[in-house]
Amino acid sequence: MTQKKVRLAIIGGTGVYDPRILENIREEVITTPYGQAKVRIGTYAGEEVAFMARHGVDHSVPPHLINYRANIYALKMLGVERVIATTAVGSCNRNMKPGDFVVVDQFLDFTKGRVSTFFEGGEAGVVHTDVTEPYCPELRKVLIAAAQEVGVHAHPTGTYVCTEGPRFETAAEIRMYGQLGGDLVGMTNVPECVLAREAGICYATVSMVTNFGAGISPNPLTHEEVLEVMAANGENLKKLLFAALRQ
Ligand code: HPA
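Residues numbered from 1 in each chain as written. Predicted model: local features only at pLDDT ≥ 70, side-chain atom pairs only at ≥ 80, totals over all residues. Heavy atoms only, no water.

## Thoughts on the site of the ligand
Working step 1: Neighbouring residues of the ligand: Ala 88, Val 89, Gly 90, Phe 168, Glu 169, Val 185, Gly 186, Met 187, Thr 210, Asn 211, Leu 221 and Val 226.
Working step 2: Here a nitrogen atom of the ligand and a backbone polar atom of Val 185 are 3.5 Å apart.
Working step 3: Between the ligand and Asn 211 there is a distance of 2.8 Å, counted from a nitrogen atom to a side-chain nitrogen or oxygen.
Working step 4: Taken together, the elements giving at least two residues each to the shell around the ligand come down to β5 (82-91), β10 (184-186) and β11 (202-212).
Working step 5: Its residues placed into classes, the shell around the ligand shows seven nonpolar, four polar and one charged. (Near = heavy atom within 4 Å. Polar contact = N/O pair within 3.5 Å; in protein donor to acceptor, adjacent residues only side chain to side chain. Helix = DSSP H or I, 4+ residues; strand = E, 2+ residues; numbered from the N terminus. Nonpolar A, V, L, I, M, F, W, Y, C, P; charged D, E, K, R; others polar.)

Put into structure tokens, the structure is as follows:
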């Protein structure tokens, strides 16, 4: 493990596997009480930044099987204080269109079978964490300012509905999520966001809309479609991340 603290990390979601925005990249496998996590560490503007591909570099880990605890614990071990996560999402809000960025500020948790806490009693204790404001307001401001700086349109708020996956939703589910106040639908922000909060890490997400949700979209959804939109907008995402790293 490195001795020097790595204060900032990017967790790359679907379509964001390439840490080449960083220089002098090295790979570290970090052993945590929850299993191992693979991190690449490089520098940007003289500062060390960690990069983690949430689904593995070859998108081999489905959302419900990601070892969220090992990932966040590993970042904590490195000394990470701030995490910018990217997520590909569907939209249940007609004003949030494919290609749009959203700096989400709330989530609705519809996950079913995930371990979503570091605190399982015993030595760790029982802890009930406040998530009134689940995403770090300071880092959200940084992302909103970064988007403005580079001229990328980003919605400054949005509610992320986290589903269990790995299937996409039914049309009725998307309708319900919209009625409940959800704007976006994805499969990974819970428990990632919550574990970061438990670990005392300032965590924010920039979501990129890759498709309208089932039933709004006239076609059946495919993972290829999600990847295509991510690829088409990858440069904008990179610009936004660069600008955020500079702040
Ligand atoms: N649903 C859930 N997760 C997603 C979607 C979607 O429509 N698009 C990208 N990730």
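## Observations regarding the state of the cysteines
Formally, a disulfide is one covalent bond, and it connects the sulfur atom of one cysteine to the sulfur atom of another.
Working step 1: By the definition in use, this model includes one disulfide.
Working step 2: Here Cys 136 is linked by a disulfide to Cys 202, with a sulfur-sulfur distance of 2.2 Å. When the S-S torsion is -80 degrees, as for the bridge of Cys 136 with Cys 202, the disulfide is left-handed. Of this pair, Cys 136 sits in the loop between β7 (106-110) and α2 (137-150) while Cys 202 sits in strand β11, and the two are 66 residues apart along the sequence. As far as burial versus exposure is concerned, Cys 136 and Cys 202 are alike and both buried.
Working step 3: Free of any disulfide, Cys 193 has its nearest neighbouring cysteine sulfur in Cys 162, separated by 9.8 Å.
Working step 4: The exposure class of Cys 193 is buried, given its relative accessible area of 1%. (Disulfide = S-S within 2.5 Å. Buried < 20%, exposed > 50% of the residue type's maximum accessible area, 1.4 Å probe, protein only.)

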